[in-house]
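Residue-level structure breakdown
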Amino acid sequence: MDKVENFTEAEFYEVNFDSRAYIDTFYSNPGGHEDEKYLLFVLQQLSETFFSGKYKGQRLIEVGSAASIHCIISACAHFDQITMSDFADSNRLELSRWLNEEPGCFDWGPVIREVCHMEKGRNPVEVEGLLRKRVKSVVKCDVRLENPFHPLTQEPADCVITSLCLEAACKDLPSYRAALRNITSVLKPGGALVMTGALGESFYVVAGQRFSCLRLTCDDIKKALLDLQLSLVEFNILKWDSTQTNHVSDFDAMFYCVAVKSI
């Protein structure tokens with residue numbers, strides 16, 4: 001893919017990203033934004049990956065959490081220590097507000113209840129409490145760095161999750177491949193990378209502000225994983241209905257993949 005001119009890199013997010021508007025827009029209900037409706041797909045895929053307990057361990061790291069907890073709802077029952085991370089201070093603050101149950105924090109109840117409905121037998125109140133218990137830290141990360149958590153050092157993780165992060169942080173394919181290498185450097189041999197994102201997307205909009213994305217294809221992602229000796233376990237796609245109008249992004253499809261790091 002070609003380099004995007006005037007790409008909105010991480011520093012742009014620090015000044016211009018409205019974290020509360022982002023979660024209000026895309027996560028207020030399990031159906032997601034009315035123009036996109038991909039959230040249910042992602043929640044279902046995460047549930048199928050984690051509910052059985054096939055992927056479990058001591059440590060899970062989410063890279064590029066933004067201000068959202070949706071990626072760890074299913075996983076929290078199977079990992080004792082969860083680290084969330086993001087570049088933007090406002091995203092980390094929004095996460096901390098929810099974790100600390102501060103007045104006016106975002107209501108994740110509808111999304112948590114939907115996941116519990118998928119995973120019959122889980123209690124939403126108990127899941128919410130478990131999430132707050134298992135998340136041990138919310139730290140700054142920059143996927144462009146060899147150690148994305150500099151100056152901190154993270155212990156190797158049994159699982160790394162990243163969602164809608166790398167394509168928004170990387171202006172070209174070499175940067176994307178480097179960022180993927182950086183985030184999987186904290187993954188234990190035999191550990192699982194769970195990644196979801198957009199295909200063919202060049203922008204998305206939050207509160208009227210446009211943010212860049214790197215247009216990716218399935219082949220771009222699969223080759224990057226293969227080059228890092230990550231074995232692809234599954235790669236699923238939700239295609240966009242081109243007859244529908246989308247005012248907040250231009251993605252062609254959403255992807256969800258699980259890959260395991262070689263031992």
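Our subject in this report is the structure included herewith. Nothing here was measured: the structure is a model prediction, and the numbers come from that model. (Residues numbered from 1 in each chain as written. Predicted model: local features only at pLDDT ≥ 70, side-chain atom pairs only at ≥ 80, totals over all residues. Heavy atoms only, no water.)

1. Concerning the overall build of the protein
- Secondary structure summary: the protein contains nine helices and nine strands in total.
- Along the three orthogonal principal directions, the C-alpha set of the protein runs to about 45 × 45 × 35 Å.
- Here the protein holds 263 residues, and 54% of them are scored as buried.
- Residue pairs in contact within the protein that sit at least 24 positions apart in sequence constitute 73% of those at least 6 positions apart.
- Between the centroid of the 27 positive side chains of the protein and the centroid of its 37 negative side chains there is a distance of 5 Å. (Helix = DSSP H or I, 4+ residues; strand = E, 2+ residues; numbered from the N terminus. Buried < 20%, exposed > 50% of the residue type's maximum accessible area, 1.4 Å probe, protein only. Contact = heavy atoms within 4.5 Å. Lys, Arg positive; Asp, Glu negative; His and termini not counted. Charge placed at Lys NZ, Arg CZ, Asp CG, Glu CD.)

2. Quick notes on empty space enclosed by the protein
- In this structure the tally under the stated criterion is two cavities of 30 Å³ or more.
- For the largest cavity, the calculated volume is near 530 Å³.
- In terms of lining, the largest cavity is formed by 37 residues, of which the most central are Tyr13, Leu164, Cys165, Ala168 and Tyr204.
- Of all the secondary structure elements, the ones that give two or more residues to the lining of the largest cavity are α1 (10-16), α2 (19-26) and α7 (166-169).
- Among the elements that line the lining of the largest cavity, the one with the most residues is α7, at three residues.
- Split into classes, the residues belonging to the lining of the largest cavity amount to 22 nonpolar, seven polar and eight charged. (1 Å grid on protein atoms, 1.4 Å probe; cavity = no way out; pocket = protein on both sides within 12 Å on 5 of 7 lines; lining within 4 Å. Points joined across faces, edges and corners; volume = space filled by probe spheres on them. Nonpolar A, V, L, I, M, F, W, Y, C, P; charged D, E, K, R; others polar.)

3. Describing the sheet that holds strand β1 (residues 57-63)
- Read from one edge to the other, the open sheet built from seven strands follows the order β3-β2-β1-β4-β5-β9-β8, with strand pairing classed as mixed. Strand pairing shows two members of the sheet lacking a second neighbour, β3 (135-140) and β8 (230-239), which therefore form its edges. The sheet shows a mean angle of 15° between the axes of neighbouring strands, direction not considered.
- Pairing of strand β5 (residues 187-199) with strand β9 (residues 253-261), which is carried by eight bridges, proceeds in the antiparallel orientation. Looking at the pairing, valine 194 lines up with valine 258 of β9.
- The sheet strands contacting helix α4 (residues 89-99) are β2 (79-86) and β3, and the helix crosses β3 at an angle near 165°.
- Of the strands in this sheet, β1, β4 (157-163), β5, β8 and β9 are in contact with helix α8 (residues 173-184), which crosses β5 at around 140°. (Pairing = 2+ DSSP bridges. Axes fitted to C-alpha atoms, helices over the stretch in contact; angles between N-to-C directions.)

4. Some remarks on the packing of α8 against helix α9 (residues 218-227)
- Contact geometry for α8 and α9: axes closest at 10 Å, N-to-C directions at 45°. Overall, the two elements α8 and α9 adopt an arrangement that is oblique. The handedness of the crossing between α8 and α9 is right-handed. Residues Leu173, Tyr176, Arg177 and Leu180 of α8 pack against Asp220, Ile221, Ala224 and Leu225 of α9.
- Among the residues forming the contact of α8 with α9, the class breakdown is six nonpolar, no polar and two charged. (Parallel < 35°, antiparallel > 145°, perpendicular 65-115°, else oblique. Left-handed = near helix turned anticlockwise from the far one by under 90°.)

5. Overview of the pairing of β9
- Within β9, seven of the nine residues are buried, leaving the element largely enclosed by the surrounding structure.
- Both β8 and β9 contribute to a ladder of nine bridges, which runs antiparallel. Each residue of the ladder has a partner; that of phenylalanine 235, found in β9, is cysteine 257.

6. Observations concerning the packing of helix α5 (residues 109-118) against helix α6 (residues 124-134)
- Contact geometry of α5 with α6 gives a least axis separation of 9 Å together with a crossing angle of 115°. In terms of their interaxial angle, α5 and α6 are classed as roughly perpendicular. With respect to the hand of their crossing, α5 and α6 are arranged in right-handed fashion. Note on element contacts: α6 touches α5 through Pro124, Val127, Glu128 and Leu131, opposite Ile112, Arg113 and Cys116.

Keep in mind these values describe shape, not function.
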